[in-house]
Structure formats: structure tokens, C-alpha cells
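Now for the letters of each chain:
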Amino acid sequence: MAVVSAVSAWLGLTWATAVALLGLLALVRRNLLRRRLRRLARADPDSGRDQQRAALSRLRVLLLRPCAGDESTLEQCLVSIRDARRSFSIEVAMAVGADDDDALPAMRRAEEQLGAAGIAAAIEVVPPTGPNRKASSLAGLTATRLGQHDAIVNADSNADLTGYDLDELVAPLVADIGIGAIWAPPAEQPVRDCRGNRASIAVLGGSLHAFGLLSGLDPQGLVGKLFAVRARALEQVGGFAPLVDYLGEDAELSRRLRASGLEVLPAATPVRAMSDRCPPRSVVDRHARWMAVIRAQRPALLATYPLFFCGTGFMLLLGLLGLWGAPAVAAGAIGIALLGRIAIALGAQFFSARRPGIGAALADSWIADRVLLRALVQAMSTTRVEWRGQWLRITPGGRLVADGETQPSA
């Protein structure tokens, strides 16, 4: 038994050290990426800052706002482009999938307010052409507009652009033609105080899964909350239409851009995403859907979840089991597991535009690991997912179909 205990201690120490080093790597690489993107966005004075500003002012940018259903912050988020920072002209195109969608009243009020502010805005009803309704909306909105713009920006319906520096998002596309898309890591902003919103913030603002931190490890992962893509690059990969059969349309877009030789990079600044997920179950479902995307479209990464994202409890258990056989090693495993997890939470808070705090980091660690473990079990147990009332099924190869239908032909 002493041997088993000692082995447990060494396993715990090795695992905890690996996760702590991975967290450190994420922090360092995210900081380096942020510096690079800010250099590209602002340009060095000796290399032509005035020329870049002039180029930005000539850009024609299309902002897409796919909507589905009424949300408490929908009108606020749609109007927020009025208060974003930008140097270029912009046209706003909003879409729903049916003419009886509950989002339409808020969209019409937003259209009126944007028009009064001198921003061209239009609403279109875009019937779904595939199981992914968001991708269908994006494809419909760009079907006749793509050739009229230099860059396409997508902002999801809960992305609040108030005060956001869109120049920082778009300028790297001007500065480096080797970059195909820039995406902004989302930072959760709760609409109200409830358990679900607290859980969502813990995962996306206090764990290694926080996209502001995760982007240091996986910069080309493209999270589609807010992203800018060069119009020609989008045309080169076939536009949004081929993405309607994928649950993770953003992940598939990134894969196609990279396959065409273009970089996909995270923006320096996160975008505020209004969170109103009060039922805790909805938070688990949301992350189970994300893991289902990983399982279908990037299966090699799925094992990283139990190993690096939500394994703190197991590391502590190994350390406790090792106290008899190798007490010093076990104590090291427990200490590194705890300190490493808190450091990751603090780093995630910082890169998610939250004020870092030890108390919040402890709470984030406990809540986030539980949510991610439950989501992982759910994602591994079924290929069916639910999105805004629609049941979908992920078929082999990552293709998406409405539940009960057969797989579409390639």
C-alpha cells in the first residue's frame, strides 16, 4: 500500500506541475500575442502610421448581427455600434430566420435609432438553408453584399460594442495581408445576479477555458462572438454558405482560412458579452455544446479537458492518497495544484477584463471545474444538442443535421 500511495503522490505532483506550466505558457503567449496585435493595430510611426489611418478611413465594413428570439439586452447590443470607436464607414445588416421571430420588435427599434445616428442599417428575414441558423443568416446577409465591402465583421446578438475599439479589430487585416481573420475573446458581463450567470463567468472568466487566456494556447481557435474577416479571404474559402452544416461554424471557418494559408489571431481586447443564463443547467448545456464541437471537429483536443481544464479535484485526491507513502511529494502536489489553479484563475480574470481577486479566484476554481466536468460527461454521452429550441444531431465528420433527419451529402 505504501508503494501505491507513493505512486499516487508522484502522479499528482507530475500532473499538477504540468497544468501549472501550461497555465504559465498560456499567460506568457497571450501577453505576447496581445502586444503583437496592438503593434499591428497602431503601427510603428516609422513604418507609416498616417498611411494606415488613411487606409482605415477608406475601408468599407459590413457589420452582421444575426438574431434569434427576444433577449433582455438585444436592443442595447444592436444599437451599441453607435458608441463604438472606429475610423471607417460601416453598414449594419441584421437578420432573423422567420418573419414572426420575437427579436424583430427590438431589431426595428434599433434600426430606427441607428438611422437617426447616420448609420445605414437594414433588417432581413433569411430562412435557414441548413441546421445552423446563425451560419444561414450570415450567408444570406453576405450573398449580395460581399463584393461591396473590404471587411466583414460579425457581432453576435449579445455582443455589446459600446466603447469597443473596432479599429484595433480591423486594422491588423490592413497591416498584414497574411492575416485572414481577427477574433475578440468574449468577456462575460452578467445582466443580473443569479447562479447561472455566476457559473458562466467562473468558466469564461476564471478558468483555463476563459477565451482571453485560452487564446494564448490556441490563437487560431476563432470564437465567433465578435470577429473580422477580410472580404477576399472569405470569398476564397467559399463564404459562409458551406458552414450551415456545422455546429461550430466559427471553428470550421478558421480551419478553412488556415488551410488557405492565412493566419487567424485573437484581438488584443476582449469584447463584452451580455450574459443572462440564470438556470445553471443552461450553462452546462452551453459548454457541452462547445465540447461537442471539439469532439466532432477537433477530436484530438477533447482529452485536454479532463487533463488540463477541470482536473484540480483529481490532482488533490492523488495528493491526499499519497500523504502516507510520500508525504513531502504529496504536499508538493497539493500545493502546486492549488497555487497553479488560483494563478490560472487570476490570469483568466485579468485577460477577461475582470478585477483579479483571490476570493473570486477560489470561487471561480470550484464552480468552473464542476461545470466543465458535468459538461464533459454530457458531451461524451450524446451527439444530440439543443440550440434555442432546435434539437440538432452531430454526425460523423462533424456535419450537423436537424434531429431525425439523415446526414446531408458532402
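You'll find the structure just up there.
Rules behind the numbers
- Residue numbers restart at each chain and count upward from 1, following the sequence in its written direction.
- Residue-level local features of this predicted model are given only where pLDDT is at least 70; pairs of side-chain atoms are given and counted only at 80 or more, and the full residue set underlies all totals for whole chains, interfaces and linings.
- Note: side-chain values were computed over all heavy atoms of the structure, leaving out hydrogens and water.
- Throughout, exposure labels follow a simple rule: accessible area from a 1.4 Å probe, protein chains only, divided by the maximum for the residue type, with under 20% read as buried, over 50% as exposed, and the rest as partly exposed.
- Labels follow the DSSP assignment, with helices taken as runs of H or I lasting at least four residues and strands as runs of E lasting at least two, numbered in each case from the N terminus.
- By definition, residues are in contact when any of their heavy atoms lie within 4.5 Å.
- Between rings of Phe, Tyr and Trp, where Trp is taken as its six-membered ring, a pair exists when centres lie within 6.5 Å; planes separated by under 30 degrees are stacked, by over 60 edge-to-face, and by other angles tilted.
- Salt bridge, as applied in this entry: a Lys or Arg side-chain nitrogen positioned within 4 Å of an Asp or Glu carboxyl oxygen.
- The definition of a nonpolar core used throughout is a set of buried Ala, Val, Leu, Ile, Met, Phe, Trp, Tyr and Cys residues joined through side-chain atoms within 4.5 Å.
- At least two DSSP bridges between two strands are required for those strands to pair.
- Axis geometry follows a simple rule: fit a line to the C-alpha atoms, using only the stretch in contact for helices, then measure angles between N-to-C directions, giving values from 0 to 180 degrees.

Engineer: Explain helix H10 (residues 249-259) residue by residue, including any values.
Structural biologist: The α-helix winds at 3.6 residues per turn, so residues separated by three or four positions along the chain end up facing the same way. Counting buried positions along H10 yields eight of 11 residues, so the element is predominantly enclosed. All of the buried residues along H10 are Glu 249, Asp 250, Ala 251, Glu 252, Leu 253, Ser 254, Arg 256 and Leu 257. Buried residues along H10 sit in contact with helix H5 (133-142), strand E6 (179-183), strand E8 (226-230), helix H9 (231-236), strand E9 (263-266) and helix H11 (280-297). Backbone geometry just downstream of H10 places Gly 261 in the positive-phi region, at approximately 95°.

Engineer: Summarise the packing of aromatic side chains; cite the residues concerned and give the values.
Structural biologist: Counted according to the given criterion, the structure contains four aromatic pairs. On the numbers, 5.6 Å between centres and 75° between planes, the contact of Phe 211 with Trp 290 is edge-to-face. In this pair, Phe 211 is assigned in helix H8 (residues 211-214) and Trp 290 in helix H11, connecting sequence segments 79 residues apart. Take Phe 211 and Trp 290: they sit in the same class, and that class is buried. With a centroid separation of 4.7 Å and an interplanar angle of 25°, the aromatic rings of Tyr 305 and Phe 309 are classed as stacked. One end of the pair is Tyr 305 and the other is Phe 309, both in helix H12 (residues 304-309) and four residues apart, which spans about a single turn. A single burial state applies to Tyr 305 and to Phe 309, both of which are buried.

Engineer: I'd like a rundown of the pattern of salt bridges, residues and numbers included.
Structural biologist: Within this structure, the stated rule accounts for 21 salt bridges. Residue Glu 124 is joined to Arg 145 by a salt bridge in which the shortest nitrogen-to-oxygen separation is 2.9 Å. Placement of Glu 124 in strand E3 (residues 120-125) and of Arg 145 in the loop between H5 and strand E4 (151-155) is noted, with a sequence separation of 21 residues between them. Look at Glu 124 and you get partly exposed, because its relative accessible area is 26%.

Engineer: Lay out the side chain of Thr 312 with the relevant residues and their values.
Structural biologist: Tracing the backbone through its elements, the reader meets Thr 312 in helix H13 (residues 312-321). Once residues within four sequence positions are removed from consideration, Thr 312 is found in contact with Ala 337, Arg 341 and Asp 369.

Engineer: An account of the nonpolar core is requested, with residue identities and associated values reported.
Structural biologist: Core analysis: the largest hydrophobic core is formed by 62 residues, its most contacted members being Phe 240, Leu 253 and Leu 257. Leaving out residues up to four positions away in the same chain, Leu 257 has contacts with Ala 181, Val 229, Ala 233, Val 237, Leu 262 and Val 264. The next biggest cluster of nonpolar side chains, apart from the first, holds 46 residues, and it includes Leu 63, Leu 78, Ala 106 and Tyr 164.

Engineer: Mind laying out the sheet that holds strand E2 (residues 89-96), listing which residues take part and the relevant values?
Structural biologist: Pairing is mixed in the open sheet, where seven strands are placed in the order E3-E2-E1-E4-E8-E6-E9. Lying at the two open borders of the sheet, with one neighbouring strand each, are E3 and E9. In this sheet, neighbouring strand axes are inclined to one another by 20° on average, regardless of whether the strands run parallel or antiparallel. By the bridge criterion, three bridges tie E6 to E8 in an arrangement that is antiparallel. Within E8, the position partnered with Ile 182 by the bridge is Ala 228. Strand contacts of helix H6 (residues 166-175): E4, E6 and E8, with the helix running at about 170° to E6, the strand carrying the most contacts.

So yeah, pure geometry; function would need other evidence.
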